[in-house]
Amino acid sequence: MKKILSYSWLALVALFMYIPVLILAFYSFTDSTTIGAVRGFSLHNYVTLFTTEELKNMIIGTVLLAVGAAVIASILGTVGAVGAFYSRPLTKNMVETANQIPVVNADVVTAFSICILLIVVLGVEKNTFIPLVIGHVVLCTPFVYLAVMPKLKQMDNGLYEAALDLGATPFQALYKIVIPQIVPGIVSGFMLSVTLSLDDYFISTYTKPATFDTISTYVVNATRGAQTEIKTALWALSTVIFVVVILAVVIMNVVSAKTEKKQEVGAYDGRE
């Protein structure tokens, strides 16, 4: 009975999470202009999505922003995590506390703060894209830190000290010993950063140039008066993003499982 209840609850949660997305995906393959009126099968929405210049530019710009911000955030978050891990307890606690503030802080507060600091106080122009990129980096970096730090705590720190004893410089020991052991955390932080950047609305709204739109800002503006074919093309966009996320998660899990299996086999052979 407990197993039945647990599986039933799990199925209910899964349905609550995925049914809206599946409904949207279903209607993206129809000629319907509204949810509820089922019409014939069609790929019109996908043709519109990949042939409309405005939509293509919006998607390409959003992806480039997300990847660029994620790369910078991954570097800063990794450096911050490594530095805090090898610092004194007081410094480490201060860094961890400072890192938690952007995580628990509301996005709208972060957006206002970045807008006031960069645009009002420092006078940086929005057209330079600098406020937008900095805002996304500020949003993503703390999550990279949180993804890398557990990997640092799990690794065998004796390997780093042994490398120093054998004549390696601190940078060589970091590059050849520490970094390979925390790569899964860096990759997880990078993927999470890409997702956060793609999903962000408030920071993008307050820091983006007037002529530039991310997916989130474009979707919000489209619901207020865009053409019907553009609105339905966004159903197709949502479906594409959902499928890409599923594939990325599956690939990451498969690669992670294979890596762990190789490590277990290597450890077993070493014991023999």
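These numbers were taken from a predicted model, which means no experiment stands behind them.

Undergrad: Explain the overall build of the chain here, please?
TA: Along the chain, the regular secondary structure elements total 11 helices and zero strands. Each helix and strand of the chain, placed in order from N terminus to C terminus, yields the pattern α-α-α-α-α-α-α-α-α-α-α. Over its C-alpha atoms, taken along the principal directions, the chain stretches across nearly 70 × 60 × 35 Å. For the chain, with 272 residues in total, the buried portion stands at 31%. For the chain, the share of sequence-separated contacts (at least 6 apart) that also reach a separation of at least 24 residues comes to 69%. When the accessible area of the chain is evaluated, it comes to approximately 16700 Å², of which 70% is carbon and sulfur surface. Averaged over its 17 positive side-chain charges, the chain has a centre that lies 5 Å from the centre of its 17 negative ones.

Undergrad: What exactly am I supposed to notice about the layout of surface pockets here?
TA: It is a probe the size of a water molecule, rolled over the atoms, that shows where empty space is left. Volume-wise, the largest pocket comes out at about 930 Å³. The biggest single contributor to the lining of the largest pocket is helix α11 (residues 228-271), with 13 residues. When the residues that make up the lining of the largest pocket are grouped by side-chain class, the tally is 27 nonpolar, four polar and two charged. Around the second largest pocket, the lining comprises 19 residues; the ones closest to its centre are K151, P184, G185, S256 and T259. Of all the elements in the fold, those that place two or more residues in the lining of the second largest pocket are α6 (130-154), α8 (170-199) and α11. The biggest single contributor to the lining of the second largest pocket is α11, with eight residues.

Undergrad: What's the story with the UniProt feature "transmembrane region" (unreviewed entry) in the chain in this structure? I'm lost.
TA: On the UniProt side, "transmembrane region" (unreviewed entry) is annotated at positions that read residues 7-29, 58-82, 103-123, 129-148, 177-198 and 233-255 here. For residues 103-123, helix accounts for 81% and strand for 0%, while the C-alpha atoms at its two ends are 26 Å apart.

Undergrad: What's the story with helix α1 (residues 2-28) in this structure? I'm lost.
TA: Residues lying three or four places apart along an α-helix face the same way, a consequence of the helix completing one turn every 3.6 residues. The end-to-end C-alpha separation of α1 is 39 Å, in line with the 39 Å expected for 27 residues at 1.5 Å each. Helix geometry: α1 is bent most strongly at Y18, by close to 40 degrees, with proline P20 lying one to four residues after it. Among the residues making up α1, those that are buried are A25, Y27 and S28.

Undergrad: Can you walk me through the confidence of the model for the chain in this structure?
TA: Should pLDDT be low for a region, the predicted coordinates there are not to be read in detail. Here the chain averages 86 in pLDDT, and 95% of its residues register 70 or above. Mean pLDDT values over the elements of the chain span from 77, in α11, up to 93, in helix α3 (residues 53-85).

Undergrad: Sorry if this is basic, but what is going on with the state of the cysteines here?
TA: A full pass over the atoms with the stated rule returns zero disulfides. Between C115, a cysteine without a disulfide, and C140, which holds the nearest cysteine sulfur, the sulfur-to-sulfur distance is 18 Å.

Undergrad: Please explain the side chain of T62 as it appears in this structure.
TA: Residue position: T62 is located in helix α3. Dropping the residues within four chain positions of it, T62 is found in contact with L198, F212, D213, T214 and I215.

Undergrad: So what exactly am I meant to see when it comes to the environment of T91 here?
TA: Along the polypeptide, T91 turns up in helix α4 (residues 89-104). You can call T91 partly exposed: its relative accessible area is 37%. It is 16 Å that separates the C-alpha atoms of T91 and L146, two residues lying 55 residues apart in sequence.

Undergrad: Would you mind showing me how to read the packing of α6 against α8 here?
TA: How two helices pack is summed up by the angle between their axes together with the distance between the axes. Between α6 and α8, whose axes approach to 8 Å, the crossing angle comes to 150 degrees. When the axes of α6 and α8 are compared, the pair comes out roughly antiparallel. Handedness of the crossing formed by α6 with α8: right-handed. Taking contact as the criterion, the partners of H136, L139, C140, F143, V144, A147, V148, K151 and L152 in α6 are, on α8, V178, Q181, I182, P184, G185, I186, G189, L192, S193, L196 and S197. Looking at the contact of α6 with α8 residue by residue, the class counts come to 13 nonpolar, six polar and one charged.

Criteria and cut-off values
- Residues numbered from 1 in each chain as written.
- Predicted model: local features only at pLDDT ≥ 70, side-chain atom pairs only at ≥ 80, totals over all residues.
- Heavy atoms only, no water.
- Helix = DSSP H or I, 4+ residues; strand = E, 2+ residues; numbered from the N terminus.
- Buried < 20%, exposed > 50% of the residue type's maximum accessible area, 1.4 Å probe, protein only.
- Contact = heavy atoms within 4.5 Å.
- Areas by Shrake-Rupley, 256 points an atom, 1.4 Å probe, with all protein chains shown as cover.
- Lys, Arg positive; Asp, Glu negative; His and termini not counted.
- Charge placed at Lys NZ, Arg CZ, Asp CG, Glu CD.
- 1 Å grid on protein atoms, 1.4 Å probe; cavity = no way out; pocket = protein on both sides within 12 Å on 5 of 7 lines; lining within 4 Å.
- Points joined across faces, edges and corners; volume = space filled by probe spheres on them.
- Nonpolar A, V, L, I, M, F, W, Y, C, P; charged D, E, K, R; others polar.
- UniProt positions renumbered as here; feature names shortened; annotations may be inferred.
- Expected span 1.5 Å × (residues − 1).
- Bend = angle between axes of the 7 residues up to and from the residue.
- pLDDT = per-residue confidence, 0-100.
- Disulfide = S-S within 2.5 Å.
- Axes fitted to C-alpha atoms, helices over the stretch in contact; angles between N-to-C directions.
- Parallel < 35°, antiparallel > 145°, perpendicular 65-115°, else oblique.
- Left-handed = near helix turned anticlockwise from the far one by under 90°.

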